[in-house]
Amino acid sequence: MASSLDIAGINKRFGKGDKSVEVLRKVDIHVAPGEFLILVGPSGCGKSTLLNIIAGLDEPTEGEIRIGGKNVVGMPPRDRDIAMVFQSYALYPTLSVADNIGFALEMRKMPKPERQKRIDEVAAMLQISHLLDRRPSQLSGGQRQRVAMGRALARQPQLFLFDEPLSNLDAKLRVEMRAEIKRLHQASGITSVYVTHDQVEAMTLGSRIAVMKGGVVQQLGTPDDIYNRPANTYVATFIGSPTMNLLRGAASGGQFGIQGAALNLAPPSGTPNSASEVLLGVRPEHLVMQDSAPWRGKVSVVEPTGPDTYVMVDTAAGTVTLRTDAQTRVQPGDAVGLAVEPANAHWFDASSENRLA
Ligand SMILES: Nc1ncnc2c1ncn2[C@@H]1O[C@H](COP(=O)(O)OP(=O)(O)O)[C@@H](O)[C@H]1O
Ligand SMILES: [Mg+2]
């Protein structure tokens with residue numbers, strides 16, 4: 001039975017008085033039973049602090065953590081029925097894989113036959129049945145991470161917390177384990193909160209994503225919301241690679257002008273003061289080369305990546321990046337025209353940097 005999780009009005013300060021620092025501010029997130037929620041943001045934005053508060057390893061300065069509707073603030077971690085997987089696996093070096101997986105069950109005095117059955121099920125799910133007799137030192141990094149996950153799964157907790165569990169793995173293994181975690185979540189249905197600084201992991205794993213910066217949730221939404229309707233320029237440029245192009249300009253007579261060109265685009269009507277400055281955001285895949293376009297530039301760099309080629313173009317309004325297909329034949333020095341479909345334009349207020357409706 002999956003539980004809901006409510007992170008309600010969480011504030012966190014470290015230290016006292018003048019020297020105190022605010023690390024989390026007014027964090028409100030409802031996680032539905034069985035949901036896989038991602039917390040993503042740069043290093044130092046408060047992700048681990050929030051996870052530790054959920055687990056009971058730290059207490060909030062203000063707010064409530066409710067698991068299945070019950071406030072658990074003040075309750076010791078061992079009574080919260082939560083399993084946590086960290087970046088470092090912290091396996092018991094002298095115990096076998098089987099005993100590592102079954103350790104918490106033994107502490108709980110689960111009878112041996114039942115414990116053995118649980119260990120076997122979890123090992124089969126993680127495809128490590130053939131490793132049960134080994135010691136952690138006889139395993140690869142990826143295998144150790146599987147054991148750490150098995151130890152958490154075996155407990156069948158109400159809540160799963162992951163703190164950057166894949167950061168220590170090499171790129172190929174990270175992609176494999178990412179798919180594995182997704183599969184395990186689908187099979188177990190346990191409510192999960194997963195912390196990462198990696199925007200690709202966030203987009204591929206989460207049913208919803210909370211993008212954080214400086215202890216404040218910038219946007220909470222589905223991967224589609226976050227990518228296609230970013231709430232502000234921070235979210236817009238944090239998610240997506242190469243990053244979204246941002247161009248400063250002003251609208252007059254229904255046309256948006258940037259340095260050196262008028263584009264056939266208009267910011268949304270109802271924009272505060274149509275002549276005021278706005279920011280146009282365009283993802284690299286939505287910027288196209290068009291011979292007749294009035295916005296001109298010169299190709300500076302061409303980067304083939306295999307499936308796509310990235311093209312950097314210097315224009316009077318700044319350097320922009322395009323994602324084009326591998327067949328692109330442009331070369332550095334070529335003069336090109338650039339165009340954007342109105343449906344692909346993102347508009348932001350130039351001072352608040354918030355999305356314009
Ligand atoms: N015990 C502590 N005392 C003071 N500051 C702390 C403590 N723990 C974390 N911080 C600060 O809180 C901020 C958030 O840290 P953390 O939650 O670990 O970020 P993240 O996991 O997103 O990288 C950082 O600026 C960090 O220096
Ligand atoms: Mg952290």
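Residues numbered from 1 in each chain as written. Chains lettered and ligands numbered in written order. Predicted model: local features only at pLDDT ≥ 70, side-chain atom pairs only at ≥ 80, totals over all residues. Heavy atoms only, no water.

**Q** Before we move on, could you go through the site of ligand 1 and cite the residues and values that matter?
**A** Surveying the vicinity of ligand 1 reveals the residues Phe 14, Val 23, Pro 42, Ser 43, Gly 44, Cys 45, Gly 46, Lys 47, Ser 48 and Thr 49. Gly 44 is positioned with one of its backbone polar atoms (N or O) 2.6 Å from an oxygen atom of ligand 1. The separation between an oxygen atom of ligand 1 and a polar main-chain atom of Gly 46 is 3.1 Å. Protein chains shield 54% of the accessible area of ligand 1, which is 560 Å² for the free molecule. Of all the elements, helix H1 (residues 47-55) adds the most residues to the shell around ligand 1, at 3 residues. Of the residues belonging to the shell around ligand 1, the class tally is 4 nonpolar, 5 polar and 1 charged. (Near = heavy atom within 4 Å. Polar contact = N/O pair within 3.5 Å; in protein donor to acceptor, adjacent residues only side chain to side chain. Areas by Shrake-Rupley, 256 points an atom, 1.4 Å probe, with all protein chains shown as cover. Helix = DSSP H or I, 4+ residues; strand = E, 2+ residues; numbered from the N terminus. Nonpolar A, V, L, I, M, F, W, Y, C, P; charged D, E, K, R; others polar.)

**Q** Quick rundown of the sheet that holds strand S8 (residues 191-196)? Include the residues and the values.
**A** One open sheet holds the 6 strands; their spatial order is S6-S7-S8-S3-S9-S10, and the pairing between them is mixed. Two strands in the sheet have a free side with no partner beyond their single neighbour: strand S6 (82-85) and strand S10 (216-221). Looking at each pair of strands side by side, their axes are set apart by 15° on average, direction ignored. Both S6 and strand S7 (residues 159-163) contribute to a ladder of 4 bridges, which runs parallel. Directly across from Ile 82, in S7, lies its bridge partner Leu 159. Sitting on the sheet, helix H4 (residues 141-154) touches S6 and S7, and the angle it makes with S6 is about 175°. (Pairing = 2+ DSSP bridges. Axes fitted to C-alpha atoms, helices over the stretch in contact; angles between N-to-C directions. Contact = heavy atoms within 4.5 Å.)

**Q** Describe the pairing of strand S2 (residues 21-31), naming the residues involved and giving the relevant values.
**A** Two faces, one strand: in a regular strand the side chains alternate between the faces of the sheet. Across 7 bridges, strand S1 (residues 5-14) lies against S2 in antiparallel orientation. From the neighbouring strand, Phe 14 faces S2, where its bridge partner is Val 21. Two successive antiparallel strands, S1 and S2, enclose a turn made up of 6 residues, where Gly 15 displays a positive phi of approximately 85°.

**Q** Residues and numbers for helix H2 (residues 97-107), please.
**A** Looking only at H2, the buried set comprises Val 97, Ala 98, Asn 100, Ile 101, Gly 102 and Leu 105. Each element contacted by the buried residues of H2 is listed here: helix H3 (112-125) and H4. (Buried < 20%, exposed > 50% of the residue type's maximum accessible area, 1.4 Å probe, protein only.)

**Q** Can you lay out the environment of Ala 98 for me, pointing to particular residues and giving the numbers?
**A** Inspection of the secondary structure puts Ala 98 in helix H2. Taking relative accessible area as the criterion, Ala 98 reaches 13% and is therefore assigned buried. Considered as a pair, Ala 98 and Arg 178 are 80 residues apart in the sequence and their alpha carbons are 23 Å apart. Filtering out sequence-adjacent residues up to four positions away, Ala 98 remains in contact with Ile 119 and Leu 132.

**Q** Outline the nonpolar core, listing residues and values.
**A** Core analysis: the biggest nonpolar cluster contains 44 residues, and Ile 38, Ile 101, Met 149, Phe 160, Phe 162, Ile 181 and Tyr 194 have the highest contact counts within it. In terms of residues, this core owes the most to one element, H4, which gives 6 residues. The residues touching Tyr 194, leaving out its near neighbours within four places in the chain, are Phe 36, Leu 37, Ile 38, Leu 39, Phe 162, Pro 165, Leu 166, Ile 181, Glu 201 and Leu 205. Core analysis: the second largest hydrophobic core is formed by 27 residues, Ile 7, Val 27, Leu 50 and Ile 65 among them. (Core = buried A, V, L, I, M, F, W, Y, C linked by side-chain atoms within 4.5 Å.)

**Q** So, the sheet that holds strand S20 (residues 346-349): which residues are in play, and what are the values?
**A** In space, the 5 strands of this open sheet follow the order S13-S12-S11-S14-S20, with antiparallel pairing throughout. Strands with a single pairing partner mark the edges of an open sheet, and in this sheet they are strand S13 (261-263) and S20. Across the sheet, the axes of successive neighbouring strands diverge by a mean angle of 40°, strand direction being ignored.

**Q** Go over the pairing of strand S9 (residues 208-213), please, and point to the residues and values.
**A** Pairing of strand S3 (residues 36-40) with S9, which is carried by 4 bridges, proceeds in the parallel orientation. Note that in S9 the partner of Ile 38 across the bridge is Ile 209. Note: S9 against S10, 5 bridges, orientation antiparallel. Across the sheet, the residue bridging to Ala 210 is Leu 220, located in S10.

**Q** Can you explain the pattern of salt bridges? Please cite residues and give values.
**A** Counted under the stated rule, the structure contains 15 salt bridges. Salt bridges here are not isolated pairs; linked through shared partners, they connect Arg 146, Glu 180 and Arg 183. (Salt bridge = Lys/Arg side-chain N within 4 Å of Asp/Glu carboxyl O.)

**Q** With reference to specific residues and values, describe the packing of H4 against helix H5 (residues 171-188).
**A** Two elements in contact, H4 and H5, have axes whose closest approach is 11 Å; the angle formed by their N-to-C orientations is 15°. On the basis of the axis angle, H4 is roughly parallel to H5. Handedness of the H4/H5 crossing: right-handed. Between H4 and H5, the contacting residues are Gly 142, Gln 145, Arg 146, Met 149 and Leu 153 on the first element and Leu 173, Met 177, Glu 180, Ile 181, Leu 184 and Ser 188 on the second. Of the residues contributing to the contact of H4 with H5, the split by class is 6 nonpolar, 3 polar and 2 charged. (Parallel < 35°, antiparallel > 145°, perpendicular 65-115°, else oblique. Left-handed = near helix turned anticlockwise from the far one by under 90°.)

**Q** Please give an account of H5 that cites residues and values.
**A** Between the first and last C-alpha of H5 there are 26 Å, a value that for 18 residues agrees with the 26 Å anticipated at 1.5 Å per step. Residues of H5 that are buried include every one of Met 177, Arg 178, Glu 180, Ile 181, Leu 184 and His 185, and no others. Trailing H5 by a residue or two, Gly 189 shows a phi angle of about 65°, which is positive. (Expected span 1.5 Å × (residues − 1).)

**Q** Quick rundown of unusual backbone geometry? Include the residues and the values.
**A** Cis geometry marks the peptide bond from Ser 241 to Pro 242, where omega comes out at -5°. Structurally, Pro 242 is set in the loop between helix H8 (233-238) and strand S11 (245-252). Even without being glycine, Gln 156 reaches a positive phi, approximately 45°. Along the polypeptide, Gln 156 turns up in the loop between H4 and S7.

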